[in-house]
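So the chains spell out like this:
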Amino acid sequence: MSLEIVTIKDSESGSEARIAVDFGFNCFDFRAVVEDEIHQVLWSDDDFETGQARPSGSGIPLLFPFPGRLKGTKLPWENREFELPEGDGAGNPIHGFVMDRPWRIVEQTGSLLKGEFQASVDDPAILNQWPADFKITATYEVVGSALMATYVVENPDEVPLPCGLGTHPYFKLPLGGGSADECQIVVPYTYEWVFKDKMATGDQTPRDTDPHTPFLFVDADRDNAYGGLEFEGDHCVTTIHDPDSGRTLKQTFSKPFLDCVLYNPPHREAFCIEPYSCVPDAFQLRRMGYPGGLKVLAPGETFEATVKIELT
């Protein structure tokens, strides 16, 4: 399988990114130039460009219309039931419909690429699996040593659209130093969601340290969701600092990303700080009366979220 891959580049800094248009519009390669040094910011599987790699395991997979898992393959919604494909090997759908499907390019310049996916246009079979049609637009632009991303979600249907959005960046570690172990990670959450079978139960465990206290990668054994994020105005700032190289990776994201999933893959060559607009299986939490962040867009309604990834 030969993927359509587009390269965007900031001509002044030399930083560049590559996006696999027909494999989920995944920005799988971002190389930031800092002080004339090229740094590989994102981790990707060696065979990603063949189209044979796991779509959720490299680069920046886009998770929509639901991030994480849903419990079981039958989704009840407004007196109807929708059959969803199993995806996690344990009987549950996972990470939505758009991370492995072809998108369409709608705008392109030297440093910017915008893509779009609409269920009714790009894969009408999805309409039998979800309560409403949906459109998601993703824009990537390279500016200096930063990758700027804008995500717009729209309900083009005549019925309400339940949905959640997540991004799943794999940040390659270390950041130029000799070892990832001493990399310092800061995510300003105030509580951890209690999970069962990798889905939120509605219960929360308060954090017992200051939200800005770093933890070391060597101690990280994470695959869970964290909430109560502290925002500076409308933005939340997360960082990874490599004391050996002195480099810091900063990920800044806007509301409506209100939760984060933190995950270190088994190969331990990367760490994931994943902004989510809702926790895994917010549908189940909604039925149980818990606020899990599920959005229900009225016909014609949209929401926009931004992410900035910068190496300094």
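All of these numbers come straight from a predicted model, not from anything done at the bench. (Residues numbered from 1 in each chain as written. Predicted model: local features only at pLDDT ≥ 70, side-chain atom pairs only at ≥ 80, totals over all residues. Heavy atoms only, no water.)

## Focus on the sheet that holds strand β4 (residues 37-40)
- Across the sheet, which stays open at both edges, the four strands sit in the order β1-β2-β3-β4 with antiparallel pairing between neighbours. Only two strands of the sheet have a single partner each, and these edge strands are β1 (5-9) and β4. For this sheet, the mean inter-axis angle between neighbouring strands, taken without regard to orientation, is 20 degrees.
- Relative to β4, strand β3 (residues 26-34) runs antiparallel, the two sharing four bridges. (Pairing = 2+ DSSP bridges. Helix = DSSP H or I, 4+ residues; strand = E, 2+ residues; numbered from the N terminus. Axes fitted to C-alpha atoms, helices over the stretch in contact; angles between N-to-C directions.)

## Observations regarding the packing of aromatic side chains
- Within the structure shown, the criterion is met by 20 aromatic pairs.
- Taking the centre distance of 6.0 Å and the plane angle of 90 degrees together, the rings of F66 and F97 count as edge-to-face. On the criterion of sequence distance, the pair formed by F66 in the loop between β5 (62-63) and β6 (74-77) and F97 in the loop between β7 (80-83) and β8 (104-108) is long-range, its members being 31 residues apart.
- The buried category is assigned to F97, whose relative accessible area is 3%.
- Of the aromatic side chains, those joined through ring pairs into one cluster are F25, F64, W103, F117, F134, Y140 and Y151.
- Seen from the ring of F231, K255 lies directly overhead, with NZ or CZ sitting 5.2 Å from the centre.
- Positioned above the aromatic ring of F217, the side-chain terminus of R268 is 4.6 Å from the ring centre. (Phe/Tyr/Trp six-rings, centres within 6.5 Å; stacked < 30°, edge-to-face > 60°. Buried < 20%, exposed > 50% of the residue type's maximum accessible area, 1.4 Å probe, protein only. Lys NZ or Arg CZ within 6 Å of the ring centre and 35° of its normal.)

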